[in-house]
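# Reading the structure
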Amino acid sequence: MADLPGLLSLVIFLPALGALLLLALPSVDAIRWGALGVTVATFVVSLGLWLGFDPAVSTAAGPQLATRLPWFGAVDITYFVGVDGLNLLLILLTTLLGPIIVLSSWTYIGKAHKGYYALMLLLETGVLGVFASFDVFLFYIFFELTLIPMVFIIGIWGGEDRIYAAIKFVIYTLVGSLLMLVGILWLGFAAGDAVNSGVFTTDWYKLVQFGVPLGSQMWLFGLFGLAFAIKVPLFPLHTWLPDAHTQAPTGGSVVLAGVLLKMGTYGLLRFVIPFFPNASERFAMPVAILAVVGIVYGALVAFAQTDVKKLVAYSSVSHLGFVVLGVFAFDVVAVQGALIQMVNHGISTGALFLIIGMLYERRHTRAMADYGGIAKSVPVLAFFMLFSVFASAGLPGLNGFVGEFMILLGSWDSPTVGNPVLIAVATTGVIFAAVYLLWMVYRTFFGEITDERNAAMTDLNGREIGLLMPLAALMLILGFWPAPFLAQSERAVRSLLETSIAKADAVEGAGDEVVVVPVLWPDEVAVFPAPAVPAAAPAHSE
């Protein structure tokens, strides 16, 4: 780890540097190849994070592969980035999707190529900064930075209603993030007085140690929770998402589903749970009910769609409801499931949007009724679609099953959301997913060909197969062998939950006194703890 100084910062800012480089390139081909080269280089460099990260080493005092530089001299706001078990996989997912998005846009984008690829690279830097930040103010800057390129990507290269979708996206996201900024300012001053010698601080570690008084936790939970719930999006704050997905170009839909939505669920886990553990416990059941409503509602509305892209958009509302349920379960297995499901959803739903984009390029329609029987014309495309649908629906042996199974299993015994009726209703979302996804495949790919344009469709080319293959491989690997990926986050999840629970107990018993709780680090690791062995029964005597 000490041999890799600045590696994470290089990963974060390499795409932004590449965006500047693209502005000087003269031709469309040079811009495309330049964007591909930058994103591939970013992914290759990011693999060093996996190799340099040791999940057995404590991050209780600070993250690994960290860089910390002074930023504002008068206050404790720093450029503080690092890697721990909560963000490693999300960083790698972001860098993996980079070259895939560039390749998917190769022929799809027909205008203003320089602006499109430069904005995509800038967006990648923003997302990486969000996941890597350990200073909350720095996190906020990157969080807002992602808004700018995404708005232009939807508004310039989107569909017919792109302006409406872009404005709606801005209004929802900006309102939530501005409310969070108010919470950050209050926390910085309060924590500064308590744990930082009176100096304003936005250091994540210091804020985690600070026990926010019970009364303040409730409204701060609302400010932070609302900002992240909008980003997820959690029902009923989801209405911006179908419009954004439907109007965005293929690359925009992939980055939106793959990583932008995870900024919301990641924020709930990274900030809301450890900063406000008492409020999180008290509001866990109402949030879980909203998550389960979103699971069922998203699935039912998806089934009613005629636009294949909007169907997949509503499926994200349903699938991410599982993630929110797992986060608020306060259970190691459920939170582990939520983390791996963030990655799994990005892979399988990203693949679905890629395939829908490939269909749209060939027929320029997203209406399922305009297709039918095309599995005969495009068998390779049909294979990848069916494979991705099985993964998204949670077929055992593919990645979607692992996360949702762990979430449901951990939530069943959860101290906060462990209601059997609630979990049973949530489980129906898995069944509904299979119904609406397979119904979509049947209507689109099977039956008789009634339109000659469907019969004349060309199958996937080498570029398209190449960008889908890594995602398909990961669906299989994560489905059959998730242990190496779960091992990266196990200790960090235990640390976060143990610290949050200890902090909640301390705040409850402190009254008006200021509470400071150090970040705890677990000694033992087991994803599925072995059941306690009962003591031998005493011998029966007459």
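Relevant structure appears above.
Summary of the structure given here. (Residues numbered from 1 in each chain as written. Predicted model: local features only at pLDDT ≥ 70, side-chain atom pairs only at ≥ 80, totals over all residues. Heavy atoms only, no water.)

## Description of the overall build of the protein
Tallying secondary structure elements over the protein gives 22 helices and four strands in all. Relative to the compact-globule value of 24 Å for 542 residues, the protein shows a C-alpha radius of gyration of 23 Å, a close match. With the C-alpha coordinates of the protein rotated into their principal frame, the extents come out at 80 × 75 × 40 Å. Within the protein, the proportion of its 542 residues that are buried is 62%. For the protein, restricting intrachain contacts to residue pairs at least 6 apart in sequence, the fraction spanning at least 24 positions comes to 82%. When the accessible surface of the protein is summed, it comes to about 19600 Å², and 69% of that surface belongs to carbon and sulfur atoms. (Helix = DSSP H or I, 4+ residues; strand = E, 2+ residues; numbered from the N terminus. Rg over C-alpha atoms; globule rule 2.2 N^0.38 Å. Buried < 20%, exposed > 50% of the residue type's maximum accessible area, 1.4 Å probe, protein only. Contact = heavy atoms within 4.5 Å. Areas by Shrake-Rupley, 256 points an atom, 1.4 Å probe, with all protein chains shown as cover.)

## Some thoughts on helix 7 (residues 162-195)
With 34 residues, helix 7 should cover 50 Å at 1.5 Å per step; its first-to-last C-alpha distance of 47 Å lies within 8% of that length. Just downstream of helix 7, S197 is the residue with a positive phi angle, here 55 degrees. (Expected span 1.5 Å × (residues − 1).)

## Overview of the packing of helix 9 (residues 214-231) against helix 12 (residues 262-275)
The packing of two helices is summarised by the inter-axis angle and the distance between the axes. Contact geometry of helix 9 with helix 12 gives a least axis separation of 7 Å together with a crossing angle of 155 degrees. Accordingly, the angle class assigned to the pair helix 9 and helix 12 is roughly antiparallel. In this structure, helix 9 uses F221, F224, G225, F228 and K231 to contact helix 12, whose residues at the interface are M263, G264, G267, L268, F271 and V272. Grouping the amino acids of the contact of helix 9 with helix 12 by side-chain chemistry returns seven nonpolar, three polar and one charged. (Axes fitted to C-alpha atoms, helices over the stretch in contact; angles between N-to-C directions. Parallel < 35°, antiparallel > 145°, perpendicular 65-115°, else oblique. Nonpolar A, V, L, I, M, F, W, Y, C, P; charged D, E, K, R; others polar.)

## Things to note about the side chain of D135
Of note, D135 is situated in the loop between helix 4 (113-132) and helix 5 (136-145). A polar side-chain atom of D135 sits 3.1 Å from the main-chain amide nitrogen of T78. A polar side-chain atom of D135 sits 3.0 Å from the main-chain amide nitrogen of F137. With residues near it in sequence (within four places) discarded, D135 still touches D76, I77, T78, F80, T202, D203 and W204. (Polar contact = N/O pair within 3.5 Å; in protein donor to acceptor, adjacent residues only side chain to side chain.)

## A short note on the side chain of K309
With respect to the element layout, K309 can be found in helix 15 (residues 308-327). One buried charged residue, K309, remains without a salt bridge, the closest side chain of opposite sign being D307 at 7.7 Å. In terms of polar contacts, K309 uses its side chain to reach the backbone carbonyl oxygen of H245, at 3.2 Å. Polar side-chain contacts of K309 include one of 3.1 Å to the side chain of S253. (Lys, Arg positive; Asp, Glu negative; His and termini not counted. Salt bridge = Lys/Arg side-chain N within 4 Å of Asp/Glu carboxyl O.)

## A short note on the pattern of salt bridges
In this structure the tally under the stated criterion is ten salt bridges. D29 is the partner of R32 in a salt bridge, and the nearest nitrogen-oxygen pair spans 3.4 Å. In this pair, R32 and D29 both sit in helix 2 (residues 28-52), three residues apart, roughly one turn of the helix. Given a relative accessible area of 14%, R32 falls into the buried group. The partly exposed category is assigned to D29, whose relative accessible area is 47%. Close ionic contact of R494 with E490 constitutes a salt bridge, the shortest N to O distance being 2.6 Å. Residue R494 and its partner E490 are located together in helix 22 (residues 483-510), separated by four residues, close to a single helical turn. Within the structure, one salt-bridge network assembled from shared partners comprises R68, D76, D203 and K206.

## Side note on the pairing of strand 2 (residues 77-83)
When you tally the buried positions in strand 2, you get seven out of seven residues, the bulk of the element. Pairing of strand 1 (residues 64-72) with strand 2, which is carried by six bridges, proceeds in the antiparallel orientation. Of the residues in strand 2, the one forming a bridge with F72 is I77. Linking two consecutive strands that pair antiparallel, namely strand 1 and strand 2, is a turn of four residues. (Pairing = 2+ DSSP bridges.)

## A few points about unusual backbone geometry
Glycine aside, residues mostly have negative phi, and peptide bonds are mostly found in the trans state. The step from V232 to P233 runs through a cis peptide bond, and the omega angle for that step is -5 degrees. Inspection of the secondary structure puts P233 in the loop between helix 9 and helix 10 (240-247). Residues F235 and P236 are joined by a peptide bond in cis, for which omega reads 5 degrees. Residue placement: P236 occurs in the loop between helix 9 and helix 10. Residues other than glycine seldom take positive phi values, yet A112 does so here, at roughly 45 degrees. When you line up the elements, A112 lands in the loop between helix 3 (88-104) and helix 4.

## Things to note about a nonpolar patch on the surface
A cluster of nonpolar side chains, contributed by F303, I431, V435, W439, Y442 and F446, occupies part of the molecular surface with about 600 Å² of accessible area. Counting residues per element, the nonpolar patch draws most heavily on helix 19 (residues 420-445), at four residues. In this structure, V435 sits in helix 19. Taking relative accessible area as the criterion, V435 reaches 40% and is therefore assigned partly exposed. (Patch = residues over 30% accessible without salt bridge, like charges linked within 9 Å, V, L, I, M, F, W, Y side chains within 5 Å.)

## Section: helix 16 (residues 332-363)
Here helix 16 is 32 residues long and its end C-alpha atoms lie 46 Å apart, about the 46 Å a rise of 1.5 Å per residue gives. Its side-chain oxygen at 3.0 Å from the backbone nitrogen of V333, D331 defines the N-terminal cap of helix 16. Looking one or two places after helix 16, you find H364, whose phi comes out positive at around 55 degrees.

## Here's the deal with the environment of P26
Turning to its location among the elements, P26 is positioned in the loop between helix 1 (7-22) and helix 2. In this structure P26 comes out as exposed when scored by relative accessible area, which is 78%.

## Here we look at the packing of aromatic side chains
Counted according to the given criterion, the structure contains 35 aromatic pairs. Ring centres 6.2 Å apart and planes at 40 degrees place the aromatic pair F13 and Y79 in the tilted group. In this pair, F13 sits in helix 1 while Y79 sits in strand 2, placing the two residues 66 residues apart along the sequence. Residue classification places F13 among the partly exposed positions, given a relative accessible area of 33%. (Phe/Tyr/Trp six-rings, centres within 6.5 Å; stacked < 30°, edge-to-face > 60°.)

Everything listed here is a matter of geometry and, on its own, says nothing about what the molecule does.
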